[in-house]
Amino acid sequence: MSVDAPPPTAPAAIDAIPLRHPWRWVAAAVILILVGLFLYGAATNPAYRWSVFMEYLFNERVLMVGLVNTLQLTVYSMVLAILLGILLAVMRLSPNPVFRYVAWVYLWVFRGTPVYVQLVFWGLLPTIYQNVQLGVPFGPSLLQFNLQALSFPFALAIIGLALNEAAYMAEIIRAGISSVPEGQLEASTALGMSWGLAMRRTVLPQAMRVIIPPTGNEVISMLKTTSLVTAVPFTLDLYGITSREIAARTFEPVPLLLVAATWYLVVTSILMVGQFYLERHFSRGASRKLTTKQLEALAKAQMGEQP
């Protein structure tokens, strides 16, 4: 007759005592003291000219011209960059070697040269190509116009920013699509979905978890990069209005730079909040916690057993 084994007893509770970290409080106190000294020094330093800062913080020209143009540059450039980035990402993933090499060369050029240099080039475009003719090659000209007679720095700024940003968006989108297992697309096509429908319903929703965070960062970066459009030259953005136009007239560069920095910070903060909720929306259903089976397999692997 077999003897039943005694029931296992629960292990005794561990009386855990949390570690003390006194140096954390010391470091926090030092940081608070340094921040307080900096704020006091900035508030009492006459070079900051806070009266001029408050005078121009809500200036109509700063808000209605500079800030509005900066937002337009950001939105238009990012929309064009995303559309072109999708095209370049598809070319990079294409089995056609010509498409792959063309996309690679594009990324190599625009990621390998500074954006400021590219904007200067776009600003010099009317000088490099003074007369543009459209027609039959080596034949009659059907349309001709003089670029130097035209004035479109705003459009050139958008083109320059968008072409540069498209090179980065292409890699972000390609990485997002590549992060989705190939079996997802194969299973969707096996269910009768077309390639386009499978991409919209299966691949892209999963890829958005990877695409959205860096895209949000690129939007914020684009907002700040618009300050370089003075190279085109386009001087009606937020930085150009404050630091080039008003500061040159009032001879007060420091408070006007603070005005521009304040509005950049305000818009950036709003974009960061929107990015947070957008990431949370596309991360629904994703969990970092291991399932029971995964935990059991991990325990067996640590004990040297086969899962």
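Definitions and cut-offs
- Residues numbered from 1 in each chain as written.
- Predicted model: local features only at pLDDT ≥ 70, side-chain atom pairs only at ≥ 80, totals over all residues.
- Heavy atoms only, no water.
- Axes fitted to C-alpha atoms, helices over the stretch in contact; angles between N-to-C directions.
- Helix = DSSP H or I, 4+ residues; strand = E, 2+ residues; numbered from the N terminus.
- Left-handed = near helix turned anticlockwise from the far one by under 90°.
- Contact = heavy atoms within 4.5 Å.
- Nonpolar A, V, L, I, M, F, W, Y, C, P; charged D, E, K, R; others polar.
- Phe/Tyr/Trp six-rings, centres within 6.5 Å; stacked < 30°, edge-to-face > 60°.
- Buried < 20%, exposed > 50% of the residue type's maximum accessible area, 1.4 Å probe, protein only.
- UniProt positions renumbered as here; feature names shortened; annotations may be inferred.
- 1 Å grid on protein atoms, 1.4 Å probe; cavity = no way out; pocket = protein on both sides within 12 Å on 5 of 7 lines; lining within 4 Å.
- Points joined across faces, edges and corners; volume = space filled by probe spheres on them.
- Core = buried A, V, L, I, M, F, W, Y, C linked by side-chain atoms within 4.5 Å.
- Expected span 1.5 Å × (residues − 1).
- Polar contact = N/O pair within 3.5 Å; in protein donor to acceptor, adjacent residues only side chain to side chain.
- Salt bridge = Lys/Arg side-chain N within 4 Å of Asp/Glu carboxyl O.
- Parallel < 35°, antiparallel > 145°, perpendicular 65-115°, else oblique.

Their axes nearest at 9 Å, the elements helix α8 (residues 182–190) and helix α9 (residues 195–225) cross at an angle of 140 degrees. The hand of the α8/α9 crossing is right-handed. On α9, the residues touching Q184, L185 and S188 of α8 are W195, A198, T202, V203 and Q206. Among the residues making up the contact of α8 with α9, the classes are represented as 4 nonpolar, 4 polar and no charged.

Scanning the entire structure with this criterion turns up 9 aromatic pairs. Taking 5.5 Å as the distance between ring centres and 15 degrees as the angle between the ring planes, the aromatic pair formed by Y48 and W50 counts as stacked. For Y48, a relative accessible area of 23% translates into the label partly exposed. Between F121 and W122, the aromatic rings sit 6.1 Å apart at their centres with planes inclined by 80 degrees, giving edge-to-face as the arrangement. For F121, a relative accessible area of 41% translates into the label partly exposed. Classification of W122 by relative accessible area gives buried; the value is 15%. Here the aromatic residues Y48, W50 and F53 are joined through ring pairs into a cluster of three or more.

This paragraph deals with the UniProt feature "transmembrane region" (unreviewed entry) in the chain. Using the residue numbers shown here, the UniProt feature "transmembrane region" (unreviewed entry) corresponds to residues 25–43, 63–89, 101–125, 145–164 and 254–278. Counted over residues 25–43, helix gives 100% and strand 0%. Its end C-alpha atoms are 27 Å apart. The distance from the first to the last C-alpha atom of residues 101–125 is 26 Å, and the span holds 88% helix and 0% strand.

Glancing now at the layout of surface pockets. A volume near 610 Å³ is recorded for the largest pocket. If you go around the largest pocket, you meet 24 residues; those closest to its centre are L93, I177, M199, V203 and L204. Breaking the lining of the largest pocket down by element, the ones donating at least two residues are α3 (60–93), α7 (153–178), α8 and α9. Residues that form the lining of the largest pocket fall into these classes: 19 nonpolar, 4 polar and 1 charged.

The next subject is the nonpolar core. The biggest cluster of nonpolar side chains holds 36 residues, and the ones touching the most others in it are L88 and Y106. At 12 residues, the largest contribution of residues to this core is made by α7. In this structure L88 touches A103, Y106, L107, A166 and A170, once residues within four positions along its chain are discounted. Judged by nonpolar contacts, the second largest core, of 18 residues, contains Y56, L238, I241 and V259.

This brings us to α3. The end-to-end C-alpha distance of α3 is 48 Å, a good match for the 50 Å that 34 residues give at a rise of 1.5 Å each. Here α3 starts with a cap whose side-chain oxygen sits 2.9 Å from the backbone nitrogen of R61, and that cap is N59.

Moving on: the pattern of salt bridges. Close approach of charged atoms allows side chains of opposite charge to pair. Enumeration according to the criterion identifies 5 salt bridges in this entry. In this structure, R49 engages E252 in a salt bridge whose closest nitrogen and oxygen atoms are separated by 2.6 Å. Of the two residues, R49 sits in the loop between α1 (22–44) and α2 (50–57) while E252 sits in the loop between α10 (238–250) and α11 (253–282), which places them 203 residues apart along the sequence. You can call R49 partly exposed: its relative accessible area is 34%. The structure contains a network of salt bridges with shared partners spanning R92, R111, E171 and R174.

Another point: the packing of α9 against α11. Between α9 and α11, whose axes approach to 10 Å, the crossing angle comes to 175 degrees. One way to sum up the angle between α9 and α11 is to call them roughly antiparallel. Here M208, R209, I212, P213, G216, N217, V219, I220 and L223 of α9 lie close against α11, whose contacting residues are Y264, V267, T268, L271, M272, Q275, L278, E279 and F282. Considered class by class, the residues forming the contact of α9 with α11 number 12 nonpolar, 4 polar and 2 charged.

Another aspect to go through is the side chain of E171. Mapped onto the fold, E171 is located in helix α7. Polar side-chain contacts of E171 include one of 3.4 Å to the side chain of R92. Residue contacts for E171: discarding those within four places in its chain leaves R92, L107 and R111.

In this structure, S243 sits in helix α10. The residues contacting S243, other than those within four sequence positions of it, are A248 and L257.

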